[in-house]
Structure formats: structure tokens, C-alpha cells
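One letter stands for each residue in the lines below.
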Amino acid sequence: MSDVMAPMAGARSEGLISIEALPPQGQISLRCEVSDDYRAKLGELLGLGIPEPLSAVEEGDRALLWMAHDELLLLLPYDAVPEMLARLNTTFEGWFIAITDVSDARAQFRLSGPHLRDVLSKVTPADISPDAFTPGMVRRSRLAQVAAGYWLRSASEAQVFVFRSVADYAFQVLSLAAGPGGEVHHHTREAISEQDASSHV
Amino acid sequence: MLILHCPCCGVDAAEIELAPGGEAHLKREGPGSSDAALETYLFTRDNPRGVVLERWRHAYGCGKWFLAARDSVTMEVYGTYAAQTHAPPQEIVDRITARHPGWAEAL
Amino acid sequence: MSTRLATGGRFTDRGKQIGFTFNGRRFTGFEGDTLASALLAGDQLLVGRSFKYHRPRGIVASGAEEPNALVGLGQGARFEPDQRATTTELFDGLVAESQNHWPSLAFDVGEINAKLARFLPAGFYYKTFLWPRSFWKYVYEPVIRQSAGLGKAPHPEVRDADRYEHFHAHTDVLIVGGGVAGLQAARNAAHAGVQVLLMEQAAHWGGRAPVDGGTIEELAPEAWVAQTVAELEAMDNVRLRLRCMGAGVYDHGYALGYERVTDHRPGAQGPRHRLWRIRAKQIVSATGAIERPLSFAGNDVPGVMLASAVRDYVVNYGVAPGDRTVVVTNNDDAYRTAILLKQSGLDVPAILDARPMGGGALMQEARDLGIRVEPARGISKVLGGARVTGVAICDQAGGGSMLEEIACDAVAMSGGWSPVVHLWSHCGGKLTWDADGAFFRPDPSRAPTGADGKPFVIAAGSANGHLGLQEALACADGAGKAAIEAMGCGFEESPVPKAESTAEAPLLPVWLMPQGARADLRMKAFLDYQNDVKVSDVQLAAREGYESVEHAKRYTTLGMATDQGKLSNINGLAILSDALGAPIPQTGTTTSRPPYTPISFGAIAGEARDAVFQPLRRTPMQDWHEANNAAWEIVGQWRRPYCYPRPGESRHAAVNREISATRESLGLLDASTLGKILVKGPDAGRFLDMMYTNMMSTLPVGKCRYGLMCNENGFLMDDGVVVRLSEDSWLCHTTSGGADHVHAHMEDWLQCEWWDWKVYTANLTEQYAQIAVVGPNARKLLEKLGGMDVSKEAMPFMTWADGRLADTPVRVYRISFSGELSYEIAVPANRGRAFWGKLLEAGAEWNITPYGTEALHVMRAEKGFIMIGDESDGTVIPQDLGLHWAISKKKEDFLGKRAQQRPDMARDGRWQLVGLETLDGSVLPDGAYAIAAGKNANGQRNTQGRVTSTYFSPTLNKGIAMGLVEHGPDRMGEVLSFTAETQDETRDELTTVEAKIVSPVFFDPKGEKQDV
């Protein structure tokens, strides 16, 4: 495994939130119709439900993310990819589907901390408010100037993915957004700073 | 800064998530077409002051193309619809016609 | 003089002294002061010089509408020009300097302009500098550059020390303005349960009401504000932001907020400014109203201020702008200032009320305090230069004959109030003339409309023209409820808070004081302080035919720049309409543009500066390139190694070394940036036949084919090697810059034209690191690594194979862009860096040499291979490049085929690709044109070709070039003259270079080296 190096491997920054570049992550792109027959076959093979639009389903170390109406992204351990590819190819032999290994194409980051939504709102125009973006949802949008995907895994943790070539950019932008003194208290109000409180009226 | 509803993924997308693609419902002219038809296809655009039917791609989102019926003056959006059509759906035509009587006939 | 009173100051904490400097002089203020209030407390009336005449100017206002008190703030990396003293919160160590003066604020040479004022009328620049032309460069421009402009830009080498950020917020209701109207609207919206974001530009809630008095629900306004803010703060669906200005309103409920996060505590951690990018379903504009100046001679002398501002300084900061203040007004509100001053123990020698009968209850109250009230009177002119020493009073009805001189050191003026309609207007909201208030207010029947075609901005309170406390609250109450209704939500019926304030008598519109002011008075009566526009200027513009209000604005500069009509708009319009003999509503009004007041460039840029100014894409081997001294070539957002110079080696020498090493032994190229797009499905072959000019459907599995992609205009768009992976899948290589574009292009045709074709694409560009192993020893290297058969027999030229090399899963393509034996190896990107290392290590015995893009370019040019963007430029068709062999004649259709049949594409005499060799072996200049006989219709020399690529070839030891030449392929051996610019210390001239037309394939024309 020493030959395998995920983008920004080991990078970590601590600020308003923790930002951590994840180790290599197995990723398989499935482009196909998400119709009943495909659903049934996929569900059986993966042991996972098929996610609703703009969401993900998760089971152990696997997850299936809805990327578009004809595109799903399967996350699994990096080493499990070759076997899974073989099984998928066998199962869908003769079907109209594109199964591609994209494990190395994207960088994955784990973002966590109570200021998560505020930090995300600094870099994406997507509505990140608790009403609009609930745990389990997936949203593809921008991260400052690049394309990114956001998978909200809990109220205070998100997995963010970008193309690997811009991993460094994304990490730097996120780290800046989480820089000290940048609390906004928009999505989470509890900690209105003393500075603000003293200036009321 | 428009917001257009992407009919493909259901997201209300800000303009900075979108890429514009110009006039919708152009008819492709390939080999065998007349010079005049080719010219119309490649270059002649209405660019009206008022109702426009446009192509947009949810470039930073689901990546899909869709079509939008919009007013270029008031920015009112009459609706967005699938790119896999040759004309806007009736409900959008009705909404446009309510604002611009006779619009459909003038097409 | 202007002083700090013994008591008072809602905002100031007298226990906390703050030191600061203005023009190097030390001052002290209190915590809670603004720079303006602290300057006034220190009797610093003069704060700057005006833009055009360099007249001494003082503080006029107390908020965002201040036109004069713009100062240079901070030093070094934190210096910023044009900062408004009235909205700058004081902090310890603040350093400010005045602007537009030379050599000093007190003595200014430019003041001579004021003496020349009658030679500097409206449109002066347009009129004067037309002639003679040569005067521009040597006379006018240097003088104008010296004297024009407001403030000084920071030094270009200075880097802003602060950071900035954006914040995207989505809310149901955005309320701009935290005065009593905004608070009441927020309250109603909040109780309906929707998300509310309330922004206030100042550091305090409540707006003017706590200063202006009255009661709300039997509470002093200040107490009601505190109670309401507490109520809102306790609600989970409400967000309150102080120091956050509503800067602009745009289409579809988009609004910008400008939050000044740390301006008041410099050096604090965190961003200095935050730009709020807001999407709101409804926007309530509760932005208040701004008092208007009166137009009388000398209304710009320091010490002349808005009556409401005088009140603000007394109440909010405990500062009196003068000991003896004359109040001049056309309405009742200014009496509040007189009464307050009197009650604060200050002298009010007179109230001059332009109304024939004076005012109502407030006038009586003033008289009862013993203040002299003079109805039907106005100011003829203000006495004093650098500060007010008195006023000459006159009949408002006359021409300005002085009746009496009254000594004073301040003048508080009020011409009535104008609603702040800026946010309403930004996105198309129209205005209507309110004759009673003599102002424009939002016309609710012509509101800005959103995506659903329905209004999305609601004006509330005095911003909607409801100036009285009760009226403002009632209006705001309705606005909050209307916002809820517009969203289809219900609300609880609740009573409007009951307010009481002294009733006011009607105002009398006064646009000029006195009404028939003589010319000499009109020339000193300023409408726009910031742009130095006087009554006489607008009248002149009207006489000269600038009848449209928009034209008059641009001709005179009235209401331009940061003012955006805040103080000047109505007064200017009124003068214009009077000059035109048309009523004000018919004269119309100009449109205010965002931002409401200037916002910093830093806020606009957000985080996009320095290392993250733009995304820089990195290949898996980027670290190695950086560590090995790569010189960079910019390719889109990639930075590719141009070459790898060794210590002491020039770039040119490095490129030559890399080429020679590759041609003689072994080179290595990071080709990861090449686009790689998978195209798969039962209709993939048919689809690719449309995408490419070549026939791709017939490419056998296991083979590679070079393909050309054209757009529907027929022009060459991209090229690359297409690989048949399996019966139903192909991998398309694109240019480095073209991957995203080509992928989008394919998806466009699949989704929008041939949506019934069964094809999927996947952009796999970033999945693979791709490395070209190039040179006569390439095969030996791969054999040494071991793991798969790479022999000529097993893997002939233009084939590919999957396998393993050095224990790494690889896909190997036998393709060549250099003319050498070459393998392009794709490995999973995570393994790219390790595999690159293995190649370097194993290749050492063959002097393996990583090469950059320049070596790649030279080697491909030696072989006559085209490069998209060099040989093509969006007007070149493949036929121009001699690529007929790559254009299928069997296919009925492909993108661009029809367009290539157009007469101009098919005509004889298009410029076509050839090789070019200078007679003296030198390198032709890039882009040079080949000269032809005669001149064209424009008198320019005719041309017959141009250079598209040109290099020094170390292989051939001479300059080689490619170019497009008229009938080029038929003119082999002919010599052309190319233009060249010779530029050194002694010369800058056009010369010519002679070059011979040759075959574009300079090296190994039979291709023997690559096919071994």
C-alpha cells in the first residue's frame, strides 16, 4: 500500500472546524437508469438500499450516494474495489450501464465541529441551513471556485469531495474559512460572543 | 443573479452553479441542408426583449442540461423543463400566454 | 466652538478614553465615539477639501450620507482612503489624515480653483480640454492627475494585511434597517415562524427614534427598542446582525450585506469584512430617511450641518458642534434641534423658518423656551471661510438682501426628509412623487418583481415616506405582515404598537434660499458637496440643453460617486425642474446604483487572493516537479513543467538538453493533464462518429487512432488519441486544456440532441496519472521493470494493453507525440507519484531525463504534428492543416461536416499548413506575417501567411517553424519575407526575415523511429 498516496494525504487543520484529508477511498461510479430492475439488481448485489434523490444510504464501510438521476457513487474500502468491480461487471453483463473506478479521481475530506454549517456557508451557495440540508443528504455545488460534493453525515460532520487536482486548493480555502475569529453564529446561535452582546442598544 | 429550478435534480440552483447554453429548440441542419437553413441554425438568433427559451446546464450540480422559459426584461421565470423536448410544455406556454397574450401564436 | 458637553452621550463611555491622531495631531475621545464625533469634540471642524474647488469642508451629517468627512484611515498595510468619519467607530491608536489638500489642510494651493470657480462651470472638462490635442499629454493630463480624484490609492506594492470572506445565507425574510420600523417588521415576520434576518448598518439598534423622542407603548423609544431586540434575540428563527449594511438588491431576491466585522477592533482575529450573499424570499427595506440640506450661499462652510446630525451628536455622543447655533428650516422637525440645544444649555440665537407662518406645536415650545423664531426668513449667506462666524438673514421671498447679521459658530439646517429608496430602486422598483412630503417614495404598484413575477421588496417606515413615529410603526407593521402573506403564510392578528409624538405642521418645499437668490449667491449654494455641484451648475446644464435628468446628472456629476443621490438628489432635481419649467415628477429622478455606500474591494474578493486567488490544479507528480526546480508553463489552471533547469543552466539550455537526451536515449513526461473521457454504450460508436471527423466505430478493440473534433462551425476544436477499450467502450484523450470542455460538449449533444442514443460518458481525467516514456531505450526500461510483454510483436505501434509494470496496475498505449519509440502509461492516480519514482530509478542507467512542455512542443514540431491553439485558432478547419486523411469521406455526417462545405471553407486559396526554414538558420518570430505585394483597402500591406509555431531544433541545430500560407503546399521551395521586430537599446524597427517553404515534417519523415 505504500505506493498508494491519496491527495493531501495526512493533511489536517484545526480551526472553527476540523478538516482532515481522508486516506484512499474506494469509489465506483455507476451510470445507469435508476429504474426498478436496476434498483433490484443493485440492491441485491450491494446489500444497500437505493438512495432517494439528493441523499445517501450507508451501511458499515459502504455507502451509495445519489449524484444525478442516472448516476450513483458507491463508496467502499479502497482495497475492495477490484473485487466489487468484477462482481458489478458480471452482474450487469449485457446491461446498459457504465461502471467505472473513480477511486483515485476525487479527494475526500472529513469536516467536523459545531461551526460546520457556518463554515460551509462561506464557500458554497447551496442552502446549508438545518431545514434545507439534513443529515444523510448529498448536494453537489461549488466550493469557492471549484465543483464539490457535500455529504452531511451528521449535524456536525460532513464528507466533502472534490477532484483530486484541486484538493490542495479546497483544503486551503476550507482552512481559511475555518480560521480563528471567523465565527458567524448564523446557523448555530448559541454562542453569541460577548463582543456582540455588549454592543446591543 | 438568477435562481433556476433544475428539473433534473430538484435543486433551486443559483446562477453561479449554472452554465448558460443559449437559445433552446434550435433545429440542427446537417449535410444536405441549404445555405440559408445552415445560416439560421448557426447564427440567426432572435434575442427578444421579453420571453426567451434558453438552455442551461446545472454544471456545478447534477451536470444535466435543462431548458428555461424566462422574461429577459422582468426576469420572471415561467418554468424550467426537460431538455429532451422540442417545445415547452403546455403549462409553461399557458403561464407565458397569461403574461403575453398571443405569444404562442407568434412563434 | 465645537466641544464635548459636561454630560450626555448614549453611546459613549466617559470612563474609557481613547487616543487617536488626525493629520498627526493627537486627540482623545471616548469609547463609543465615531471618528466624527471625537473630531467635533476636539473642535476639529475642518476635515477635508472639496473635490473640484478645494473649498474647506466640515462634517455635515452623522451617518452614511456624510459627503465631506472622507479620510485616509490607517497606515502601511492597513491604509485605506475615503473612509467616512461619521461611520468609523473610534478605536485606540486610530490614525487618520484628511484628503485632497496640498500642502496642508489649512493652507491649500488648490483653493485657487475656488477663485477660478466661474471658469470651472458644469461640463468644464468636456468643454475645455478638447483643443489643442497636444495639450492633453503635456498640460491638461498632468494637472488633472495632480488635482483630480478623491483620496489616494494605497501604494501598489503594499499588501492588505487583513482577510475577508463571503457568507451565503438563505432566509425567508430579509429586513434591512434596525430602526423601530425594521424591528417592528421583524417582530411580525418572526412571530409567523419564518426565518428572519435583520441587518443594521450601525453599531446600535433603534435608528433615529431614541434621538427624536416620543413614546412607543408608553415607553421611551430606547426602552422599547431594547425590549424588542431582547424579544427577537430570544427567538430561534431570528438572526440579528449589527454593523451589517444592506448594500444592494438584485434579481430573484439576491441581496448583498456588507458586515464590518473587525473595523472597530483592528488587529483582532478574524476577517475584517464579510460579504453576505443573501437569498431572500421577501426583502423589507426599512432603511429610514435622510435629511436634506437647504440650498443657500455658503451652505458648505464648516459648521453648517444637518439639524438632525446636530441632534445626534448631542444625544448620542454628548458633543455640541457649536456654542451658538442658528437653526434654519422649512419644517417642524428642526425645532427639535433648537429645543434640545437650548435645554442642553447652549445658545440658539434664532430659528429662521422659511414658512410664512412658521410651524406648529414645536415652534410654540421653542418660543416658550425663549428662542427667537423668525418666520418667512432664510439665510442670504453664511459668513466665514474655514468656519462659520455668522449668518446674513433675509426674506425667503426676496433676492437675498441682507436684513441682519447674526453671529454664530454653527448652523443647523433642515430642508425636510427624503426616504432612503436605494434598495427599492436597485432592482427596478419605481418611485412616485409625494407632494405633501416633497419627496419621492416607493410606488407600491411598481415594486421590484422576482422569479414568480410578484413583488419581493416591501418598503417600511420612513423609507416608505411615513415619517411620523406612529405612521412609521403602522407602515412597518403592515410590511412585516405583507411579507408573510406574500409567502403564503398566515400571521396572528396583532395590534400596531401605539406611539405618541408631537404633531407637526406641514413643511414648505424650499429648493433655493432665498427663493429669488441672486447669481452670486447661487454660485455659492451647493447641491452636491462631494462633487462640488452648485445650483448655478444645474441651471447652466438646463440652459445648455441637458434636459433629461440622467444627462444633467452626468454633465454636472450631481449625485454621482459615493453620494448616489443621498443628500443631493431631490434638491438638484428641484432646481432642474424649475429651470425646465416642468414639475418635479415629470422631470423624473435618477436611478441609484448599488452599493448603497462603498464596500471594500477586499469584501468583494473574499478569500480569493494570494495562494487561493484561483484554483491551481496539481497532478499526482506535482510535488516532484516542485522539488526538482521546474519552470512553469500555464495551461488552463494547470501548472505544467516547462523544463527542469539544473543549477546554472538557462531554460533554453535545459530544453535542448531534455530533447537531446530523449531523442538519443530516454525521456519522461508527466502527461497526466491530458483529458481522458470514457464513452460507453450500444450507441457509443455511432456517437463518436458524429463527434470526430474520423470513423471511430470501425476502430478495432485493442487499437488507438488519432482523432479530430470540430464544432458545428466546422472549425477544429480539439484532438487526441481515441482508444477502443471493448466492444461498447472507447476512451477519448483530449488536450490538457480541453478535457472539461470536450466532456461538456459530448454531454450537450447526448442530452440535448440525441437523447435516445444509449451512451454514457465519464470524465476519467483525474483517475489516472499518465506518464510518457519516450526514446530509443523506452522499451528496455519497461522490460527492466517487468510484468508484461511490451515487445513490438506483442504491442505494435498504435495499440494498447492492460497489465502490470513494476508491480503496478497499468494501461499502456503505444502512441507517440515525439516521433520516438514511446509508451504512454496510465496508472491509478494514487500510485502516480510512486510509479514516476520507479521509472526514474530504473531508468538511471539510460540517463532518463524528465522533460517539460517546451521539449514536447519542439519534438512534436520537428515531426510536423499540430498543436491545438497554435496551428488552430478557432478559424482553422482540418483541411487547412493537411489533415484530409483524418476526415472520413464515408460518413454521411459528423459535427462540422456541413459547415465545412460552405463556400469560404471550400474555396481555393485558404492558407494551408507548411514548414518554414529561415535561410540563415535563425528562429522565425512567433506570429510573424508573410508579406505579399500591394496594400489592402485599409492601406495595410497585404499578407500571404503567418507563423503558427516556431522553435530552435537542437536535433537539427537550426530554427524550424510551421505556418499557414496561401497555396502553401503547392509552393515548396519558395522563399517568403516575414516581418520581424528588432528591438534593443539602439533600435526599435521592423525588419524582414526570409524563410523557405518546406515540408512540415522536419525529422524522420518516414516515421521509422517511432515504429520499432
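Position labels on residues start from 1 in each chain and follow its written sequence. In the order they appear in the text, chains get letters beginning with A and ligands get numbers beginning with 1. Owing to the predicted nature of the model, reporting of local features is limited to residues with pLDDT of at least 70; listing and counting of side-chain atom pairs is limited to 80 or more, with chain, interface and lining totals taken over all residues. Note that water and hydrogens are dropped before the side-chain values are worked out from all heavy atoms of the structure.

Enquirer: Sorry if this is basic, but what is going on with the overall build of chain C here?
Expert: When you go through chain C residue by residue, the secondary structure sums to 26 helices and 51 strands. Overall, chain C is about 115 × 70 × 55 Å in size when its C-alpha atoms are taken along their principal axes. Each residue gets one of three labels from its accessible area relative to the maximum for its type: buried under 20%, exposed over 50%, partly exposed in between, using a 1.4 Å probe on protein chains only. Taking all 1012 residues of chain C together, 61% fall into the buried category. When contacts within chain C are restricted to residue pairs at least 6 apart in sequence, long-range pairs at least 24 apart make up 66% of them. Asp and Glu count as negative and Lys and Arg as positive, but His and the ends of the chain are not part of the count. A charge is said to be at NZ when it belongs to Lys, at CZ for Arg, at CG for Asp and at CD for Glu. Once the 104 positive and 121 negative side-chain charges of chain C are each reduced to a mean point, those two points are 2 Å apart. Numbering of helices and strands runs from the N terminus; a helix is a DSSP stretch of H or I covering at least four residues, while a strand is a stretch of E covering at least two. Any two residues having at least one pair of non-hydrogen atoms within 4.5 Å are treated as being in contact.

Enquirer: Would you explain the overall build of chain A in this entry?
Expert: Assigned secondary structure in chain A consists of five helices and eleven strands. By the burial criterion, 58% of the 201 residues in chain A qualify as buried. Long-range contacts, defined as pairs at least 24 residues apart, comprise 62% of the intrachain contacts of chain A with a sequence gap of at least 6. In these tables, accessible area is a Shrake-Rupley quantity obtained with a 1.4 Å probe, and a residue counts as shielded only by the protein chains included in the view. When the accessible surface of chain A is totalled, it reaches about 7,500 Å², and 50% of it is carbon and sulfur. Both charge centroids of chain A, one from 16 positive and one from 27 negative side chains, sit 3 Å from each other.

Enquirer: I tried to follow the sheet that holds strand 11 (residues 157-163) of chain A on my own but got confused; where do I start?
Expert: Residue and element names in this part refer to chain A. We call two strands paired when DSSP finds no fewer than two bridges between them. Taken together, six strands build an open sheet; the order of strands is 1-2-8-11-10-9 and the sheet is antiparallel. Every other strand in the sheet has two partners, leaving strand 1 (12-14) and strand 9 (138-143) as the edge strands with one partner each. Adjacent strand axes in the sheet meet at a mean angle of 20°, parallel and antiparallel pairs treated alike. Examined bridge by bridge, strand 1 and strand 2 (residues 18-21) share three bridges and lie antiparallel to one another. Across the sheet, residue S13 finds its bridge partner in strand 2, namely I19. What counts as an axis is a line fitted to C-alpha atoms, over the stretch in contact for a helix, and the angles between N-to-C directions run from 0 to 180 degrees. In the packing of helix 3 (residues 116-123) onto the sheet, the strands contacted are strand 8 (106-112), strand 9, strand 10 (146-154) and strand 11, and the crossing angle to strand 10 comes to about 165°. Where helix 4 (residues 167-177) meets the sheet, its contacts fall on strand 1, strand 2, strand 8, strand 9, strand 10 and strand 11, and the angle it forms with strand 8 comes to roughly 15°.

Enquirer: What am I meant to see in the domain arrangement of chain A here?
Expert: Interfaces are often sized by the amount of accessible area the parts lose when they come together. Residues and elements named next belong to chain A. Where each domain starts and ends follows an automatic or database-derived domain assignment. Here chain A is partitioned into domain 1 (9-24 + 105-181) and domain 2 (25-103). Contact residues are listed per partner, giving 13 residues for domain 1 and 18 residues for domain 2. Of the roughly 1,300 Å² buried between domain 1 and domain 2 on both sides combined, carbon and sulfur atoms contribute 54%. By definition, a salt bridge exists where a carboxyl oxygen of Asp or Glu is found within 4 Å of a side-chain nitrogen of Lys or Arg. The interface formed by domain 1 and domain 2 holds two salt bridges in total. The term polar contact refers here to a pair of N or O atoms within 3.5 Å; inside protein, the definition further demands a hydrogen-donor-capable atom paired with an acceptor-capable atom, and it admits residues adjacent in sequence only when both atoms are side-chain atoms. Inspection of the domain 1/domain 2 interface yields seven residue pairs in polar contact (both at pLDDT 80 or more). Of all the secondary-structure elements, those providing two or more residues to the side of domain 1 that touches domain 2 are strand 8, strand 9, strand 10 and strand 11. Here the residues of the side of domain 1 that touches domain 2 are counted per class, giving seven nonpolar, three polar and three charged. Put simply, buried area is how much 1.4 Å-probe accessible surface two parts lose in total, over both of them, once they are put together. Put simply, Ala, Val, Leu, Ile, Met, Phe, Trp, Tyr, Cys and Pro go in the nonpolar bin, Asp, Glu, Lys and Arg in the charged bin, and everything else, Gly too, in the polar bin.

Enquirer: So what exactly am I meant to see when it comes to the UniProt feature "domain: Aminomethyltransferase C-terminal" (unreviewed entry) in chain C here?
Expert: UniProt positions are given in the numbering used here, feature names are shortened, and annotations may be inferred rather than shown by experiment. Under the UniProt annotation, "domain: Aminomethyltransferase C-terminal" (unreviewed entry) lies at residues 912-1004 of chain C. Along residues 912-1004 of chain C, the helical share is 0% and the strand share 60%, with 22 Å between the first and last C-alpha atoms.

Enquirer: Would you take a moment to explain the interface of chain C and chain A for this structure?
Expert: Chain C puts 65 residues into the contact, and the matching count from chain A is 56 residues. For the pairing of chain C and chain A, the buried interface totals around 5,000 Å² over both sides, and the portion due to carbon and sulfur atoms is 54%. Among the residues of chain C in contact with chain A, Y760, E766 and N830 of chain C are the three that bury the most area, contributing 17% of the side total. Run the count over chain C and chain A and you get three salt bridges. Among the salt bridges present, the one from K838 of chain C reaches D3 of chain A, with a minimum N-O distance of 2.6 Å. Inspection of the region where chain C meets chain A yields 29 residue pairs in polar contact (both at pLDDT 80 or more).

Enquirer: Sorry, what's going on with the sheet that holds strand 2 (residues 13-22) of chain C here?
Expert: All names here are of chain C. Sheet architecture is open: five strands sit in the order 3-2-8-6-7, paired in mixed fashion. Every interior strand has two partners, whereas the edge strands, strand 3 (25-31) and strand 7 (80-84), have only one. Between one strand axis and the next, the sheet turns through 40° on average, direction left out of account. Where strand 6 (residues 70-73) lies against strand 8 (residues 94-97), two bridges are found, and the strand directions are antiparallel. Bridge pairing in strand 8 links L73 to A96.

Enquirer: Help me understand helix 2 (residues 81-91) of chain A in this model?
Expert: Owing to its 3.6 residues per turn, the α-helix aligns residues three or four sequence positions apart on the same side. Residues and elements named next belong to chain A. All of the buried residues in helix 2 are V81, M84, L85 and L88. Projected down its long axis, helix 2 shows its buried positions confined to an angular sector of 105°, all on one face. For helix 2, the exposed residues lying more than 90 degrees away from the buried face are P82, E83 and T90. Residues of helix 2 that are buried make contact with strand 3 (25-31), helix 1 (36-46), strand 5 (62-68), strand 6 (71-77) and strand 7 (98-101). Each direction from the helix axis to a C-beta atom contributes to the arc, which is the arc of those directions.

Enquirer: So what exactly am I meant to see when it comes to the nonpolar core here?
Expert: It is characteristic of soluble globular proteins that their nonpolar side chains tend to be buried jointly. All names here are of chain C. In terms of nonpolar packing, the biggest core is built from 91 residues, with L35 and F296 touching the most fellow members. Once residues lying within four places of it in the same chain are set aside, the contact partners of L35 are F20, V71, L73, A85, T88, L90, L94 and A96. In terms of nonpolar packing, the next biggest core, distinct from the first, is built from 46 residues, A169, V176, A297 and V421 among them. To define a nonpolar core, start from buried Ala, Val, Leu, Ile, Met, Phe, Trp, Tyr and Cys residues and group those joined through side-chain atoms within 4.5 Å.

Enquirer: Looking at this structure, how should I read the packing of helix 20 (residues 651-664) of chain C against helix 25 (residues 853-862) of chain C?
Expert: In a packed pair of helices, the relevant descriptors are the angle between the two axes and the axis-to-axis distance. Residues and elements named next belong to chain C. One way to put it is that helix 20 packs onto helix 25 with a least axis distance of 9 Å and a crossing angle of 55°. Relative to helix 25, the element helix 20 is oriented oblique. As helix 20 packs across helix 25, the resulting crossing turns out to be right-handed. Between helix 20 and helix 25, the contacting residues are V655, E658, I659, T662 and R663 on the first element and E854, A855, V858, M859 and E862 on the second. Here the contact of helix 20 with helix 25 is composed, by residue class, of five nonpolar, one polar and four charged. With respect to orientation, any angle under 35 degrees is reported as roughly parallel, any angle over 145 as roughly antiparallel, any angle of 65 to 115 as roughly perpendicular, and every other angle as oblique. Crossing handedness is read from the near helix: turned anticlockwise from the far helix by less than a right angle, it gives a left-handed crossing, and turned clockwise, a right-handed one.

Enquirer: In this structure, what is going on with the pairing of strand 39 (residues 729-734) of chain C? I would like to understand it.
Expert: The side chains of a regular strand alternate between both faces of the sheet. All names here are of chain C. Most of strand 39 sits inside the fold, with six of its six residues counted as buried. Taking every second residue as pointing to the same face, both faces of strand 39 are buried, with S729, L731 and H733 on one and W730, C732 and T734 on the other. Relative to strand 39, strand 36 (residues 675-680) is paired through six bridges, and the arrangement is antiparallel. Paired with K680 across the two strands is S729, which belongs to strand 39. As paired elements, strand 38 (residues 716-726) and strand 39 share four bridges and run antiparallel to each other. Bridge pairing links R724 to W730 in strand 39. The hairpin turn running from strand 38 into strand 39, its antiparallel successor, is two residues long.

Enquirer: How should the side chain of E54 of chain B be read in this particular structure?
Expert: Residue and element names in this part refer to chain B. Considering the arrangement of structural elements, one finds E54 in strand 4 (residues 51-57). According to the relative accessible area criterion, E54 is buried, its value standing at 14%. At a separation of 2.8 Å, a polar atom in the side chain of E54 contacts the side chain of W56. If sequence neighbours within four positions are ignored, E54 has contacts with G22, A24, F66, L67, A68 and R70.

Enquirer: In this structure, what is going on with the interface of chain B and chain C? I would like to understand it.
Expert: In this assembly, 32 residues from chain B lie in contact with 32 residues from chain C. A buried area of about 2,500 Å², summed over both sides, lies between chain B and chain C, and 50% of it is on carbon and sulfur atoms. Linking chain B to chain C there are four salt bridges. Taken together, the elements giving at least two residues each to the side of chain B that touches chain C come down to helix 1 (35-42) and strand 4 of chain B. It is helix 1 of chain B that provides the largest number of residues to the side of chain B that touches chain C, a total of four residues. Looking at the side of chain B that touches chain C residue by residue, the class counts come to 14 nonpolar, nine polar and nine charged.

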